[in-house]
Amino acid sequence: MKKKTVYIPVITVVVLGIIALSVYFSRMSFDTTLEFRVRDAVSGNWIWDSTFKFQERVIRGFYQSDRGPIDYQFTHLETGNWDLQISAPAYQAVTIPVTIKKGANRIEEPIELSGYEIPDIDHFIIFEEKVGGDIVTEIRPVGTDGRAVINHPCIDLWIGCRISEQLKGGLYVQKPTEEGSERGKELFSGEVEWQWDQTPETTFRYSARIPGSRISNHGVPYRVIDYLLILPDSRKITRKEVAELMKQAPQIQDTEALISFLDEYEDRFFYDIHTSWNVEGAAQ
């Protein structure tokens, strides 16, 4: 009798557990669902403030894993032909026709959204750091309200820059100076590749590295860097077309001619010319 009083409750719990699991998996197997994944067309990563609409239901997406985009799922769906609507601020919205059948449905290929602007951008601020012989830059977009712009689309930036000796009175500048400096001999000129940081805790996502192997005369105490940054509107011009256009553009040191040239295309892209003085050379 003692054995029965010990084991009967245990057996009852196990049986009830099996029944509960059977009911759960039975319901799951009969539920009609849709799974899909959405990513930024340039970075291949998650999209901030995204909205997904399907069968009068809405899912919102914000930060995701730094390992890449996650799957989204609509459940308890009706069968038939429907449209999946996907949108996010400063991205081109898309509508995907979907045929829903009973059971699990999945869109296998990731759905890509193309960003076309950094909202309300006014200019960029750039901070340089010397890493060995390289120059590593942090590129920060600033809005028309004077505040940093964060959580924006990954626009396929085009960056050109020119590095020159920093002189004053015809001599190398020996310490940071606020006025009176001028550009000396050119040390580097060309396009610079950028990187994108998708980790949720990152505030400013653009950065770039100018390899020291491409910069001449590392003995200069201080240098001046002139940047040209172009954000193409993906609805009107591609990054490749921008690169081809820049082959025809005046040199960055000819500021007036360059601005005049760029203004002809102001409806296709945003541009900013930024100059950093007192950038430390290898001698520091």
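Just above, that's the structure.
Rules behind the numbers
Residues numbered from 1 in each chain as written. Predicted model: local features only at pLDDT ≥ 70, side-chain atom pairs only at ≥ 80, totals over all residues. Heavy atoms only, no water. Helix = DSSP H or I, 4+ residues; strand = E, 2+ residues; numbered from the N terminus. Buried < 20%, exposed > 50% of the residue type's maximum accessible area, 1.4 Å probe, protein only. Contact = heavy atoms within 4.5 Å. Areas by Shrake-Rupley, 256 points an atom, 1.4 Å probe, with all protein chains shown as cover. Patch = residues over 30% accessible without salt bridge, like charges linked within 9 Å, V, L, I, M, F, W, Y side chains within 5 Å. Salt bridge = Lys/Arg side-chain N within 4 Å of Asp/Glu carboxyl O. Lys, Arg positive; Asp, Glu negative; His and termini not counted. Charge placed at Lys NZ, Arg CZ, Asp CG, Glu CD. Pairing = 2+ DSSP bridges. Axes fitted to C-alpha atoms, helices over the stretch in contact; angles between N-to-C directions. Arc of directions from axis to C-beta.

Caption draft 1: Summary view of the overall build of the chain. Counting its regular elements, the chain contains 3 helices and 17 strands. Relative to its 284 residues, the chain shows a buried fraction of 41%. Once local pairs closer than 6 in sequence are excluded, the contacts in the chain between residues at least 24 apart make up 65%. Element-wise, carbon and sulfur atoms account for 51% of the exposed surface of the chain, whose accessible area totals about 16200 Å².

Caption draft 2: Inspection of a negative patch on the surface at higher detail. A cluster of acidic side chains, namely Asp-263, Glu-264, Glu-266 and Asp-267, defines a negative patch on the protein surface. The residue Asp-263 is located in helix 3 (residues 255-263) in this model.

Caption draft 3: Structural detail: the pattern of salt bridges. Across all of its chains, the model carries 14 salt bridges by this definition. A salt bridge links Glu-35 to Arg-106; the nearest nitrogen and oxygen atoms lie 2.9 Å apart. Separated by 71 residues along the polypeptide, Glu-35 in strand 1 (residues 33-40) and Arg-106 in strand 7 (residues 104-106) bring together distant segments of the chain. On the accessibility criterion, Arg-106 (34% relative accessible area) is partly exposed. The shortest N-O distance in the salt bridge between Arg-162 and Glu-186 comes to 2.7 Å.

Caption draft 4: Main features of the sheet that holds strand 9 (residues 121-131). In space, the 4 strands of this open sheet follow the order 9-10-15-14, with antiparallel pairing throughout. Edge positions in the sheet fall to strand 9 and strand 14 (194-196), since each has one partner strand and no second. Going across the sheet, the axis of each strand differs from the next one's by a mean of 30 degrees, ignoring polarity. In this sheet, strand 15 (residues 206-210) lies alongside strand 14 in antiparallel orientation, the contact comprising 3 bridges. Bridge assignment links Trp-196 to a residue of strand 15, and that residue is Tyr-206.

Caption draft 5: Main features of helix 3. For helix 3, the set of buried residues is Leu-258, Phe-261 and Leu-262. Around the axis of helix 3, the buried residues are gathered within 95 degrees of arc, so they sit on the same side. On its buried face, helix 3 is in contact with strand 16 (222-232), helix 2 (239-246) and strand 17 (269-280).

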